Amino acid sequence: QKLPVTVLSRCLQFNLKRFPPGMIFKRLSEIAKAEGIEYEPDALRLVARAAEGSMRDALSLLDQVIAFGGSKLTAEDTRTMLGTLDRSEVFQVLEAVAARDARQVIECVNKLDERAPEYRDVLAELASVLQKVALLQAVPDLQLDEAEDAEAYQHLASALSPEDVQLFYQIGIIGRRDLELAPDARAGFEMVLLRMPAFEVGAPVER
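Residues numbered from 1 in each chain as written. Predicted model: local features only at pLDDT ≥ 70, side-chain atom pairs only at ≥ 80, totals over all residues. Heavy atoms only, no water.

Peer 1: Run through the overall build of the protein chain, naming residues and quoting values.
Peer 2: Broken down by element type, the protein chain carries 11 helices and two strands. Reading the helices (α) and strands (β) of the protein chain from amino to carboxyl end gives α-α-β-α-α-β-α-α-α-α-α-α-α. Going through the 207 residues of the protein chain one by one, you find that 36% of them count as buried. Nonlocal contacts in the protein chain, meaning residues at least 24 apart in sequence, comprise 68% of its contacts between residues at least 6 apart. Each charge class in the protein chain can be summarised by its mean position, and for the 24 positive and 34 negative side chains these summaries are 7 Å apart. (Helix = DSSP H or I, 4+ residues; strand = E, 2+ residues; numbered from the N terminus. Buried < 20%, exposed > 50% of the residue type's maximum accessible area, 1.4 Å probe, protein only. Contact = heavy atoms within 4.5 Å. Lys, Arg positive; Asp, Glu negative; His and termini not counted. Charge placed at Lys NZ, Arg CZ, Asp CG, Glu CD.)

Below, the structure written as structure tokens:
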């Protein structure tokens, strides 16, 4: 972006595209099998997501995970090395929000807090899941990426209304932006989650 147009016009440009997580997962699986490495599929799914579309980064992360985990690649070791959350915990939070169960929401936050997560990243994960749920609701026969937890997404798609998904998504991304304004990160995160079920789309207004 910093190069002058006069220079760019004389350059050969390559527009590199991101690989989908499913394609990265498939390639990592092929490599692990070829190298005789025992692995849990969820471990490679975590690496595929963490690579953010870069096959080079995925291979580099795979090397690091192998060095960290030893003879077998497990999801737990991979999660520890990458510093990522268990995606099932994100689904549990959204299920509690969908049920409008404030007590369960706080219990989920207590469980998350044991890992000392970066709450902005947790909100980003929540928004990512909600986006996939919205896609499934709009196109029920949509085939999710191989690296995704299809069954959990389907469950949320049936548990939430499309209006709630859109509302929760909007609250989540705005809350992520405003998190630094909160007294502390956990307090801000809790308020975002409690705000989601506090509103009901299309609810009648009493006068």
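Peer 1: Lay out the environment of S9 with the relevant residues and their values.
Peer 2: Here S9 lies in the loop between α1 (5-8) and α2 (21-34). S9 sits in the exposed class, given a relative accessible area of 54%. There is a polar contact of 3.4 Å between the side chain of S9 and the side chain of R10. (Polar contact = N/O pair within 3.5 Å; in protein donor to acceptor, adjacent residues only side chain to side chain.)

Peer 1: Kindly report on the nonpolar core, identifying the contributing residues and their values.
Peer 2: Residues L126, V129, F189 and L193 are the most contacted members of the largest nonpolar core, which totals 34 residues. Looking at this core, the elements that each hand over two or more residues are α6 (87-98), α7 (102-113), α8 (119-138), α9 (150-159), α10 (162-178) and α11 (185-198). Excluding residues within four positions of it along the chain, V129 makes contact with R87, V90, F91, L94, Y153 and L156. Counting residues in each nonpolar core, the second largest holds 18 residues, with V47, A48, M55 and A58 among its members. (Core = buried A, V, L, I, M, F, W, Y, C linked by side-chain atoms within 4.5 Å.)

Peer 1: Just give me the short version of the confidence of the model for the protein chain, but keep the residues and values in it.
Peer 2: Residues with a pLDDT of 70 or more make up 95% of the protein chain, whose mean pLDDT is 88. Confidence scores differ between elements of the protein chain, with helix α5 (residues 75-82) showing the lowest mean pLDDT of 85 and α10 the highest of 94. (pLDDT = per-residue confidence, 0-100.)

Peer 1: Break down the packing of α8 against α10 for me, with residues and values.
Peer 2: At their nearest, the axes of α8 and α10 sit 9 Å apart, and the two run at 155° to each other. Judged by the inter-axis angle, α8 sits roughly antiparallel to α10. Helix-helix and strand crossings are classified by hand; for α8 and α10 the assignment is left-handed. Each of R120, L123, A124, A127, L130, Q131, V133, A134 and Q137 in α8 lies in contact with α10, whose residues at this interface are P162, V165, Q166, F168, Y169, G172, I173, G175 and R176. (Axes fitted to C-alpha atoms, helices over the stretch in contact; angles between N-to-C directions. Parallel < 35°, antiparallel > 145°, perpendicular 65-115°, else oblique. Left-handed = near helix turned anticlockwise from the far one by under 90°.)

Peer 1: Account for a nonpolar patch on the surface, naming residues and giving values.
Peer 2: A contiguous nonpolar patch, built from L12, F14 and L16 and spanning about 460 Å² of accessible area, is present on the exposed surface. Mapped onto the elements, F14 comes out in the loop between α1 and α2. The class for F14 is exposed, based on a relative accessible area of 66%. (Patch = residues over 30% accessible without salt bridge, like charges linked within 9 Å, V, L, I, M, F, W, Y side chains within 5 Å. Areas by Shrake-Rupley, 256 points an atom, 1.4 Å probe, with all protein chains shown as cover. Salt bridge = Lys/Arg side-chain N within 4 Å of Asp/Glu carboxyl O.)

Peer 1: Before we move on, can you summarise the packing of aromatic side chains with the specific residues and values?
Peer 2: Counting across every chain of the model gives two aromatic pairs. A ring pair is formed by F91 and Y153, whose centres lie 5.2 Å apart and whose planes are at 85°; its orientation type is edge-to-face. With a gap of 62 residues between them, F91 in helix α6 and Y153 in helix α9 connect regions that are remote in the sequence. Residue Y153 is classed as buried on the basis of its relative accessible area of 0%. (Phe/Tyr/Trp six-rings, centres within 6.5 Å; stacked < 30°, edge-to-face > 60°.)

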